[in-house]
Every structure is written in C-alpha cells, then in structure tokens.
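What follows is the residue order along each chain.
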Amino acid sequence: MPGLEHYARTHPAIRADFTIDQGWDNYPAEAHDTWRRLYARMETILPGRAAPAFLEGLKRLDIGHEKIPHFERLSDGLEALTGWRIVAVPGLVPDEKFFDHLANRRFPASNFIRRPEQLDYIEEPDIFHDIFGHVPMLAHPVFADYMQAYGQGGLRAEGLGVLPNLARLYWYTVEFGLIAHEGRLEFYGSGIASSSAESVYCLASPSPNRIAFDLERVMRTRYRIDDLQETYLVIDSFESLFAATYQDFAALYERLRTGPTYEPGTVLAQDRVHWRGDRSYKPHSHAV
Ligand code: HBI
Ligand code: FE
C-alpha cells in the first residue's frame, strides 16, 4: 500500500487522512468521455440484473451520464439521504485510514479515471468503480449502516491479525455480492456493477458457484482480485446481512485462528447452494 510520501510526489497538497481536492476543473475532455462511455455501456446491462436497491440509488442520486461527477455536489445529495459524503483520494489508502473514513461515513473515492485503452480492466479502483460501483448502495439506509459498521469493525480489528479475514467479508459482499430477490438472483456488489463483463457473467454463466452467505465461511474463503470470481455469495436481504455481521467478532476471530481456509472455488457439504458451478471458465491467476 503506498504511503503518504509516495503520493506526496504527485499530490503535494495531500492531507494526513490521504484526502486531496478532487480537482474537477482539471479533467480533460477525454476523461469525461471515458466516463460517458463506461456509464452508457453499464446502463444497458443493469435493468433486470442489478438489485432494485442499486438502481434506486443510482436514480435518486443523479450521478450524471455525460460528465465525471463533482464530489461536493454528489455528496450533498447523498448526505441528505443517508449522511454519507464522498472524499477524494489519489488511489488505495492504508487500511486504517480507509476504515476511519468509513467509520465516519466518508467514502474515499479515487479522483482519476482509467485510460481509454483500459476500458475493460483496471488493477486499481478508479473513479468509475468507486462512484458508479459503490455510491448507489450508500444511498440505501441499511447498506449505509453496514458500510459504517465495517469501518468500525476494521478499526477494532487492527493488530489482531484478522484483517485478511475481514477483507474477505468486504470482498464477497460490498464488492461482489449477489442477493436473492423474488426467487431470482441479482447483484449489488460494486466490482460487478462497474464491470460490463462480470455483470453478465455473475448471473448468466454456468461456471461460478452461487452459495448462500455464511459469516464464518466467507471469512475463511480466499478470493481472486484480478479475474472473474469462481464463487459468489448470496444474501437474502440487506437486513439479514447487517444482522449477521453486527456483533462482537471476538469469538469468531478466536475460532479463525485454527481450522480450514478454503480456495475460491470450493463447495462444502454444509453450503446452501443456489447454483453449483460447472467450473467451465478457467481462472488464470492465484487467490489471496
Ligand atoms: N483504499 N481507496 C481505497 N479503496 C479501497 O477500496 C480500499 C482502500 N484501502 C484498503 C482497502 N480497500 C481494503 O484493503 C480494506 O477493505 C481492508
Ligand atoms: Fe471497491
């Protein structure tokens, strides 16, 4: 994770909490054009696939099709709904800074956008992932509380050696979560909602497993950061997700000190399986 000194070379005005000014006036026309193309592409894919909560958030926030959104303006609308604001950061920030922002209902969003030749894939979260992917769900009252609780839990977990476990919870819910809704699956995860390939694959492909969410199970399951997922975890509702995770994790962390860690594609006898993947898609990378 880059430190303050690293970012200070390119962002001399970076603050101790790793925030910077968004610098909206400095985006070249090409940057707005990349936003417009990414937005237009996702817009045709979302109906019938994205959870109503996501679509509702997108609609209520008026994120903007044509130009990169202005964080202050967008934050005013978001704050009126759930009390969250968006702050600009230059990229990934250290875990404890990230958790501190979330615990205070501030979502750190990268201020840069991918280059035109990176339309389909980027390593680091850019403004399209952070804003289009994450912010609609922050307009949902229960999900907004879940995100804050995750930040508070992260701060408490510092130094306990369990951050990899906690990061898996974030990955399989906030980033790549599916939800069962009226007998069908839909997605709410930001990594899905900001990817034209994964937003189709996650629901339509026979390849990945789709397994009911279980807290200890997810904390024991590795994930891939640079490929389509082999397993998606399915929640029944945002209320049940919040209820399952709003507890003191001390006893759970104690259990996690021993016992198995599962590879991303594993299906267990105890799993409630919505769909058992045929594993026809072969991932080309390793899991973390
Ligand atoms: N920083 N900007 C940014 N965005 C993230 O999603 C992020 C981060 N720092 C740490 C982090 N995520 C994860 O490692 C935590 O969920 C543990
Ligand atoms: Fe993300």
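Note: the structure precedes this text.
The following refers to the structure shown. Values in this document were obtained by computation on a predicted structure and should not be read as measured data. (Residues numbered from 1 in each chain as written. Chains lettered and ligands numbered in written order. Predicted model: local features only at pLDDT ≥ 70, side-chain atom pairs only at ≥ 80, totals over all residues. Heavy atoms only, no water.)

### Quick look at the overall build of the protein chain
- In terms of helices and strands, the protein chain carries 13 helices and 7 strands.
- For the protein chain, the C-alpha radius of gyration of 18 Å lies close to 19 Å, the compact-globule estimate for 288 residues.
- A burial count over the protein chain gives 53% of its 288 residues as buried.
- Considering only intrachain contacts with a sequence separation of at least 6, the fraction spanning at least 24 residues in the protein chain is 69%. (Helix = DSSP H or I, 4+ residues; strand = E, 2+ residues; numbered from the N terminus. Rg over C-alpha atoms; globule rule 2.2 N^0.38 Å. Buried < 20%, exposed > 50% of the residue type's maximum accessible area, 1.4 Å probe, protein only. Contact = heavy atoms within 4.5 Å.)

### Some details on unusual backbone geometry
- Of note in this structure, R105 is not a glycine but carries a positive phi near 55°.
- According to the relative accessible area criterion, R105 is buried, its value standing at 17%.
- Its identity as a non-glycine residue notwithstanding, R279 has a phi of 55°, on the positive side.
- Relative accessible area serves as the criterion here: at 34%, R279 is assigned to the partly exposed category.

### What about the pairing of strand β4 (residues 184-187)?
- With 4 bridges joining them, strand β3 (residues 178-181) and β4 adopt antiparallel strand pairing. Of the residues in β4, the one forming a bridge with H181 is R184.
- Between β3 and β4, which pair antiparallel in sequence order, lie 2 residues; one of them, E182, sits at a positive phi of approximately 50°. (Pairing = 2+ DSSP bridges.)

### Here we look at helix α6 (residues 127-138)
- Helix length check: α6 (12 residues) gives 15 Å between terminal C-alpha atoms against 16 Å at 1.5 Å per residue, within 8%.
- Most of α6 is tucked away, with 12 of its 12 residues classed as buried.
- All of the buried residues along α6 are I127, F128, H129, D130, I131, F132, G133, H134, V135, P136, M137 and L138.
- By the N-cap criterion, in which a side-chain oxygen at the helix start approaches the backbone nitrogen of a residue two or three places on, α6 is capped by D126, the distance to F128 being 3.2 Å. (Expected span 1.5 Å × (residues − 1). Polar contact = N/O pair within 3.5 Å; in protein donor to acceptor, adjacent residues only side chain to side chain.)

### So, the packing of aromatic side chains
- Enumeration over the complete set of coordinates arrives at 21 aromatic pairs.
- Note on Y150 and Y170: the rings are 4.8 Å apart at their centroids and 35° apart in plane angle, and the pair reads as tilted. Of the two residues, Y150 sits in helix α7 (residues 141-157) while Y170 sits in helix α8 (residues 163-175), which places them 20 residues apart along the sequence. For the pair Y150 and Y170, one class covers both residues: buried.
- Every member of this aromatic cluster is reached through a ring pair, and the members are W35, Y39, F54, F128 and F132. (Phe/Tyr/Trp six-rings, centres within 6.5 Å; stacked < 30°, edge-to-face > 60°.)

### Here's the deal with the site of ligand 1
- Around ligand 1, the structure places M1, V89, G91, L92, V93, D95, F98, F99, Y150 and Y170.
- Residue D95 places a side-chain N or O atom 3.0 Å away from an oxygen atom belonging to ligand 1.
- Y150 places a side-chain nitrogen or oxygen 3.3 Å from an oxygen atom of ligand 1.
- In the complex, the protein chains occlude 87% of the 390 Å² of accessible area that ligand 1 would expose alone.
- Per element, the largest residue contribution to the shell around ligand 1 is 3 residues, and it comes from helix α5 (residues 95-103).
- Looking at the shell around ligand 1 residue by residue, the class counts come to 8 nonpolar, 1 polar and 1 charged. (Near = heavy atom within 4 Å. Areas by Shrake-Rupley, 256 points an atom, 1.4 Å probe, with all protein chains shown as cover. Nonpolar A, V, L, I, M, F, W, Y, C, P; charged D, E, K, R; others polar.)

### Here we look at the nonpolar core
- Grouped together as the largest cluster of nonpolar side chains are 83 residues, with contacts concentrated most on W35, I131, F132, M147, L169, Y188 and M219.
- Among the elements that take part in this core, α6 stands out by supplying 7 residues, more than any other. (Core = buried A, V, L, I, M, F, W, Y, C linked by side-chain atoms within 4.5 Å.)

### What to know about the coordination of the iron ion (ligand 2)
- Only H129 (NE2), H134 (NE2), E175 (OE) and E175 (OE) from the protein reach the iron ion (ligand 2) as donors, at distances of 1.9 to 2.8 Å.
- The site at the iron ion (ligand 2) holds 4 donor atoms, and with the angles between them running 52 to 136°, its shape is irregular.
- Written as a sequence motif, the donor residues of the iron ion (ligand 2) are H-x4-H-x40-E. Remark: E175 occurs in helix α8 and H129 occurs in helix α6; sequence separation between them is 46 residues. The pair formed by H129 and E175 is uniform in burial state, with each residue classed as buried. (Donors = N, O, S within 2.8 Å, 3.2 Å for Na, K, Ca; no water. Tetrahedral: all angles 85-135°; square planar, octahedral: opposite > 155°, others 65-115°.)

### Some thoughts on the sheet that holds strand β7 (residues 273-275)
- Pairing in this open sheet of 5 strands is mixed, and the strands run β4-β3-β6-β5-β7 from one edge to the other. Because the sheet does not close on itself, it has two edges, and the strands there are β4 and β7. Direction aside, the axes of adjacent strands within the sheet are offset by 35° on average.
- Where strand β5 (residues 209-212) meets β7, 2 bridges bridge the pair, whose relative direction is antiparallel. For I211, the partnering residue across the bridge sits in β7 and is V273.
- On top of the sheet, helix α10 (residues 196-204) reaches β3, β4, β5 and β6 (231-235); it is set at about 160° to β4, its chief contact. (Axes fitted to C-alpha atoms, helices over the stretch in contact; angles between N-to-C directions.)

### Overview of the pattern of salt bridges
- Tallied over the entire structure, the rule returns 20 salt bridges.
- Across the pair E230 and R224 runs a salt bridge, and its minimum N-O distance is 2.5 Å.
- A relative accessible area of 7% places E230 in the buried class.
- Three or more residues are tied together by salt bridges with common partners; here these are E72, D76, E79 and R85. (Salt bridge = Lys/Arg side-chain N within 4 Å of Asp/Glu carboxyl O.)

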